[in-house]
Amino acid sequence: MTNLKIYNTLNKKKETFEPIKPGKVGIYVCGPTVYDACHIGHARSVVVFDVIVRYFRAMGYEVTYVRNFTDVDDKIINRARELGISTQELSERYIREFYEDMDALKVERATVEPRATDHIDEIIDVIDRLISRGYAYKAGGDVFYAVETFKGYGKLSGRRLAEMQAGARVKVDEKKRNPFDFVLWKAAKPGEPMWDSPWGKGRPGWHIECSAMSTHFLGRHFDIHGGGKDLIFPHHENEIAQSEGAFGEPFVNVWIHNGFVRINQEKMSKSLGNFLMIKDILKEYHPEAVRLFLLSNHYRSPVDFTDQAMAEAEAGLEKIYALLQRIHGTLGSSDFGGDEQGPGALWASFCQAMDDDFNTARGIGLVFETVRQLNRFMDDMGEKAGQEDQARLVLTRADLMRIGGVLGILTETPDQFFEQKKADRLKREGIDTALIERLIAERARARQEKDWATADRIRDELSAMNILIEDRAEGTSWKVK
RNA sequence: GGCGGCAUAGCCAAGUGGUAAGGCAGCGGUCUGCAAAACCGUUACACACCGGUUCGAAUCCGGUUGCCGCCUCCA
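Residues numbered from 1 in each chain as written. Chains lettered and ligands numbered in written order. Predicted model: local features only at pLDDT ≥ 70, side-chain atom pairs only at ≥ 80, totals over all residues. Heavy atoms only, no water.

### Section: the side chain of Glu 239
Locating Glu 239 in the fold gives a position in helix 6 (residues 232–247). We note that Glu 239 is buried and unpaired, the nearest opposite charge coming from Lys 155 at a distance of 13 Å. In this view, Glu 239 contacts Cys 30, His 207, Cys 210, Ser 211, His 225 and Phe 251; residues no more than four positions away in its chain are not counted. (Helix = DSSP H or I, 4+ residues; strand = E, 2+ residues; numbered from the N terminus. Buried < 20%, exposed > 50% of the residue type's maximum accessible area, 1.4 Å probe, protein only. Lys, Arg positive; Asp, Glu negative; His and termini not counted. Salt bridge = Lys/Arg side-chain N within 4 Å of Asp/Glu carboxyl O. Contact = heavy atoms within 4.5 Å.)

### Focus: the sheet that holds strand 4 (residues 62–67)
The strand order 4-3-9-10 describes an open sheet built from four strands, whose pairing is parallel. For this open sheet the edge positions go to strand 4 and strand 10 (252–258), each flanked by a neighbour on one side alone. Between one strand and the next, the sheet's axes are offset by a mean angle of 20 degrees, whatever the strand orientation. Sheet topology note: the strand 9 (residues 222–228)/strand 10 ladder contains six bridges and is parallel. Residue pairing across strands places Gly 227 opposite His 257, the latter belonging to strand 10. With respect to the sheet, helix 5 (residues 208–218) is in contact with strand 3 (24–29), strand 4 and strand 9, its orientation differing from that of strand 3 by roughly 160 degrees. (Pairing = 2+ DSSP bridges. Axes fitted to C-alpha atoms, helices over the stretch in contact; angles between N-to-C directions.)

### Regarding the domain arrangement of chain A
Along its sequence, chain A is organised into domain 1 (5–263), domain 2 (285–416) and domain 3 (431–480). With centres defined by C-alpha atoms, the gap from domain 1 to domain 3 works out at 58 Å. (Domains from an automatic or database assignment.)

### Let's talk about the nonpolar core
The biggest cluster of nonpolar side chains holds 89 residues, and the ones touching the most others in it are Ile 6, Ile 40, Phe 56 and Phe 358. With 11 residues, helix 1 (residues 40–58) is the single largest residue contributor to this core. Counting contributing residues per domain, this core is built from domain 1 (5–263) and domain 2 (285–416), each supplying no fewer than three. The next biggest cluster of nonpolar side chains, apart from the first, holds 40 residues, and it includes Val 72, Tyr 145, Cys 210 and Ala 241. (Core = buried A, V, L, I, M, F, W, Y, C linked by side-chain atoms within 4.5 Å.)

### Quick notes on the confidence of the model for chain A
Per-residue pLDDT for chain A has a mean of 91; in total, 95% of the residues score no lower than 70. Two summary scores accompany this predicted model of the complex, namely pTM at 0.95 and ipTM at 0.93. (pLDDT = per-residue confidence, 0-100.)

### A short note on the pattern of salt bridges
Evaluated as defined, the whole model comprises 36 salt bridges. Notably, a salt bridge pairs Glu 108 with Arg 57, separated by 4.0 Å at the nearest N-O pair. Pair noted here: Glu 108 is in the loop between helix 3 (87–104) and helix 4 (120–132) and Arg 57 is in helix 1, with a separation of 51 residues, a long-range link. With a relative accessible area of 36%, Glu 108 lands in the partly exposed category. Arg 57 gets classed as partly exposed once you look at its relative accessible area, which sits at 33%. A salt bridge links Asp 357 to Arg 300; the shortest N-O distance between them is 2.7 Å. One end of the pair, Asp 357, is in the loop between helix 10 (345–355) and helix 11 (360–381); the other, Arg 300, is in the loop between helix 8 (287–295) and strand 13 (303–305), and 57 residues separate them in sequence.

### What to know about the packing of aromatic side chains
Per the counting criterion, the structure on display carries 21 aromatic pairs. Note on Tyr 55 and Phe 358: the rings are 6.4 Å apart at their centroids and 90 degrees apart in plane angle, and the pair reads as edge-to-face. In this pair, Tyr 55 sits in helix 1 while Phe 358 sits in the loop between helix 10 and helix 11, placing the two residues 303 residues apart along the sequence. Residue classification places Phe 358 among the buried residues on the basis of a relative accessible area of 2%. Relative to Phe 98, the ring of Phe 69 has its centre 5.2 Å away and its plane inclined at 90 degrees; by these criteria the two rings are edge-to-face. In this pair, Phe 69 sits in the loop between strand 4 and helix 2 (74–83) while Phe 98 sits in helix 3, placing the two residues 29 residues apart along the sequence. Considered together, Phe 69 and Phe 98 belong to a single accessibility category, that of buried residues. Following the ring pairs from residue to residue traces out a cluster consisting of Phe 17, Tyr 55, Phe 56, Tyr 61, Tyr 299 and Phe 358. Directly above the ring of Tyr 7 sits Arg 300, whose terminal nitrogen or CZ lies 3.9 Å from the centroid. (Phe/Tyr/Trp six-rings, centres within 6.5 Å; stacked < 30°, edge-to-face > 60°. Lys NZ or Arg CZ within 6 Å of the ring centre and 35° of its normal.)

Okay, structure coming up:
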């Protein structure tokens, strides 16, 4: 179907993607543990996989995309206790916030978005299989995974048990046979959520919910599993041990991991207090600019969030919308909905970039190159747009929109985009539109009388108000700086 | 200590064997009453360092230096 190559963490190289079932893709991505609001790092992961799924669909694949919510966990329990609410209330709140943030970022919903607590039966089933197959053992009311029993342990992260420094930073639980054994089921403690199980009341450990939900929805062997780089070890390593141990067959073909977001060259961390929340970023920047920024680096590389980088992303987005607006203007009102055309050469190049391990950075480069070419084309075209010229504009615009559909940008009409932008900025700056219009009208009169001194004085006044003037053939337009 | 990643012009960033996309910033120009926008040119003989393989390497191999991540919850 394609020549798509994907970097597979499991083999540390790019491989041609071969779906298990022709024409279909099953993909599972680790979603958030819902104990706090989402930060820009969550946004990157979600946006990256959103684009990957959109691209698969654009290529004609039928995609089953599963993204979970982990809604039972130590951190959730602790946080709920601090706030004096139930764990369910807490997770409901942050699931709601997750949707608010991701909807704002124009992220498409996954096919299935399961919650761990809705799949306790499946979790228990996986643990049960692990015990009966000799991969797990009971200790008190807990159940542990015995890492030494799983031959492939470490194959994803490239670690060897013998070489890791166990307990270097954390005290090892004495009930464990090996320090790297991890808990599958935790015995109930008072005041914590709990479920009945063959091993007594308790709750699932971290890792097991993903094995249970992914195999439940996608089968025991599926195509792609993704998440942030930090999940490679231990989370994904443990998932492999659980799923392959329980079912005795290969778990996942391709592992995809996205890199981190840094803030001004620093890792985001609680101690530095530099966690940037999505909802705060969206107060400052257009959601599509955030996407453009996140996608302007390759997904596996780190990306540094700075005001300058965001300003560039905003400027870049405006440039693309300005081009679209210009095309609309050039084609005139005769054109509507001519976008079913193509695909053309631009789309083909874009796909070539995306086929190379989802190289959105290169794809975005192509977009800007096209913007320049089309502007030049229209500069040269002059007044008379011939049939062929129009066809080229319509075709290329259709490709741009198609690309926008994969990257999740250009979802607004240019007019909407600029009007909204203007309104937002006016609101932020507290500028009076009527006053601006009056000054511009005054300046227009001065210009007609060739009273350049007055015209320039008014422009300076407006400039001082952060208003930028553009004189065009059709009249004067303005925008907020 | 173990595992992994990165180092490309003023800044950001693609590029994995044939002599280097794109964006931002600066400068000069076209256009404009002057600007802005757009376009053209330019800064740009830019690939951390040292060896090796090759007709040819930013790209492969070895080493050095620097930065970063994971090994603890983390997207």
